[in-house]
Amino acid sequence: MTSHSSKGFRIPSPNEYSTSQDRAIPGALPLSVSALSPRAQDIFKRVKTFIAENVLPFEIEFFRWSTDPKTKWTIHPKVEELKAKAKSQGLWNLFLPKESDPEGKHGAGLTNIEYAFIAEEMGKTHLGSEPFNCSAPDTGNMEVLVRYGTEEQKEKWLKPLLEGKIRSCFSMTEPAVASSDATNIRASIKREGNEYVINGHKWWSSGAMDPRCKVIIFMGKTNPSAAIHQQQSMILIPMDAPGIKIVRPLSVFGFDDAPHGHAEILFENVRVPVSNLLFGEGRGFEIAQGRLGPGRIHHCMRTIGMAERALALMVDRAQNRVAFGKPLVQQNSIQQDIAKSRIDIEQSRLLVLKAAYMMDTVGNKVAAPEIAMIKASVPKMTGKIIDRAIQVHGGMGVCQDSELPPMYAWSRVLRIADGPDEVHYRAIARMEMRTQNLSKL
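Described in the following lines is the structure provided in the data block. Bear in mind the structure is a predicted one, so any value in this text is a computation, not a measurement.

Calculation criteria
Residues numbered from 1 in each chain as written. Predicted model: local features only at pLDDT ≥ 70, side-chain atom pairs only at ≥ 80, totals over all residues. Heavy atoms only, no water. Helix = DSSP H or I, 4+ residues; strand = E, 2+ residues; numbered from the N terminus. Rg over C-alpha atoms; globule rule 2.2 N^0.38 Å. Buried < 20%, exposed > 50% of the residue type's maximum accessible area, 1.4 Å probe, protein only. Contact = heavy atoms within 4.5 Å. Areas by Shrake-Rupley, 256 points an atom, 1.4 Å probe, with all protein chains shown as cover. Patch = residues over 30% accessible without salt bridge, like charges linked within 9 Å, V, L, I, M, F, W, Y side chains within 5 Å. Salt bridge = Lys/Arg side-chain N within 4 Å of Asp/Glu carboxyl O. Phe/Tyr/Trp six-rings, centres within 6.5 Å; stacked < 30°, edge-to-face > 60°. Axes fitted to C-alpha atoms, helices over the stretch in contact; angles between N-to-C directions. Left-handed = near helix turned anticlockwise from the far one by under 90°. Nonpolar A, V, L, I, M, F, W, Y, C, P; charged D, E, K, R; others polar. Core = buried A, V, L, I, M, F, W, Y, C linked by side-chain atoms within 4.5 Å. Parallel < 35°, antiparallel > 145°, perpendicular 65-115°, else oblique.

Some thoughts on the overall build of the protein
For the protein, the count of helices and strands is eleven helices and twelve strands. Relative to the globule expectation of 22 Å for 441 residues, the C-alpha radius of gyration of the protein, 23 Å, shows essentially globular dimensions. Overall, the C-alpha framework of the protein stretches about 75 × 75 × 45 Å when taken along its three principal axes. Considering the protein as a whole, with its 441 residues, one finds that 52% of them fall into the buried category. Looking at the protein alone, contacts between residues at least 24 apart form 73% of all its contacts between residues at least 6 apart. Of the roughly 20600 Å² of accessible surface on the protein, 54% is carried by carbon and sulfur atoms.

Observations regarding a nonpolar patch on the surface
A cluster of nonpolar residues, Leu29, Leu31 and Leu350, forms a patch on the protein surface that exposes about 260 Å² of accessible area. Relative to the helices and strands, leucine 29 resides in the loop between β2 (10–11) and α1 (38–55).

Some details on the packing of aromatic side chains
In this structure the tally under the stated criterion is five aromatic pairs. Measuring from ring centre to ring centre gives 5.9 Å for phenylalanine 58 and phenylalanine 62, while their planes differ by 55°; the resulting arrangement is tilted. Using a relative accessible area of 7% as the deciding quantity, one classes phenylalanine 62 as buried. Relative to phenylalanine 267, the ring of phenylalanine 218 lies with its centre 4.7 Å away and its plane at 65°, an arrangement referred to as edge-to-face. Here the residue phenylalanine 218 occupies a position in strand β6 (residues 213–221), and phenylalanine 267 occupies one in strand β9 (residues 262–273), the gap between them amounting to 49 residues. This pair shows no difference in class: phenylalanine 218 is buried, exactly as phenylalanine 267 is.

Quick notes on the pattern of salt bridges
Opposite charge on two side chains makes pairing possible when the charged atoms of those side chains draw close. Using the criterion set out here, one finds 32 salt bridges in the structure. Across the pair arginine 283 and glutamate 286 runs a salt bridge, and its minimum N-O distance is 2.7 Å. Its relative accessible area of 28% is what places arginine 283 among the partly exposed residues. Looking at glutamate 286, the relative accessible area reads 39%, which means it is partly exposed. A salt bridge links arginine 309 to glutamate 403; the shortest N-O distance between them is 3.0 Å. Here the residue arginine 309 occupies a position in helix α7 (residues 284–320), and glutamate 403 occupies one in the loop between α9 (368–393) and α10 (404–413), the gap between them amounting to 94 residues. The class for arginine 309 is buried, based on a relative accessible area of 16%.

Concerning the packing of α9 against helix α11 (residues 421–436)
In contact at an axis separation of 9 Å, α9 and α11 are set at 145° when each is read in the N-to-C sense. Regarding α9 and α11, the two cross each other, and that crossing is left-handed. Contacts between α9 and α11 pair Ala368, Pro369, Ala372, Met373, Lys375, Ala376 and Lys380 from the former with Asp421, His424, Tyr425, Ile428 and Met431 from the latter. When its residues are assigned to classes, the contact of α9 with α11 shows eight nonpolar, one polar and three charged.

Quick notes on the nonpolar core
Considering soluble globular proteins, one finds that nonpolar side chains tend to be buried as a cluster. If you look at the biggest cluster of nonpolar residues, it comprises 109 residues, and the most contacted ones within it are Leu94, Phe132 and Ile237. Counting residues per element, this core draws most heavily on α7, at 14 residues. With residues up to four places along the chain from it excluded, the contact list for leucine 94 reads Ile43, Val47, Ala108, Leu110, Tyr115, Ile118, Met122, Phe132 and Cys134.

A look at the packing of helix α8 (residues 332–361) against α9
For the pair α8 and α9, interaxial distance at closest approach is 9 Å and the crossing angle is 160°. Taken together, α8 and α9 sit at an angle that is classed as roughly antiparallel. The crossing of α8 and α9 is left-handed. Looking at side-chain class alone, the contact of α8 with α9 contains 14 nonpolar, three polar and seven charged residues.

Set out below in structure tokens:
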């Protein structure tokens, strides 16, 4: 409640002006790698060295391979070599948080905040995650299987995913409906005896074009008459199941992200055993919420790294390009862009670290506002920095000779993927109103 003084001035209640009301965070937030455990520091340093020595020198060759029509939908042999090398060094499955794998049975046993610093390094190059088996959507799919899968499902699908022998995709979004509202999903999962029959039209199934993709996590409706958030279920579908038709690969501003790819897929009377259902009928929405939280923060961690890469490219270009008799870096407007970019990155990183730390200490549910905040702010921040870098590069910044165009495309699509900005703004506003007890939307 809000009271007023005799002069009419509004006096705030004790609940106001606190975004952490009833959300006390224990301990101290680590702000740098040096504040992490010695083990996490060691992994960070080795990942950073591995990327510098093995991944970055391979970037140009990989780009040529993945844009050549003859080779783009195949896997460059070097990719599997890098995976084997990273695995032999113990730099493997670093993404799986302690909360999901407390005994370190499947992953490295890192906390979310420890992984945040490592994922930022991976985000500095397009290939940064795959050598360590930390690529989306496999990371989210593996965590789903760890949390919700049966022992049979884990043996058949989780084990080869953890070993890096196969890849996976996630089919949720549909072209016919606004899929940012998961209750709109129309695809059907109907039980017939000991099987489920799946029908639906999906697109933006990331990873489905990869020849190593062997399993799909599919979201559809098992009971359209149930309560609105209990209509959806998730089910495992082998990629080679009869009735699956890849319509086409989709592109983002002309980039098809080969060999990973983003597919439009038709599912026509696809049959799978009842045992392929995840967690039970009507639990799909619940699984989706559990999956998207970590997925969103992983994207944001990597995107901070992308922003750092863009800023480094901007500074290098500004120092080495001369216009009107002096290096670009001596122009006041360029200096302002560099300064603004550094400020933007530091602010965003702090919010990402806070979200990761809260996930570790008070749980994903309590950290939901911070997770929504970073998802709505970090991709936009990164796109702004990449845009500045493009401007400094001039013509080169928009052509195939620069890393910036695909980076810009990726930062822009992240404002839609895993929920558009507007959905996160809505969630943040609702939580803020609830915190301050002013009204209910």
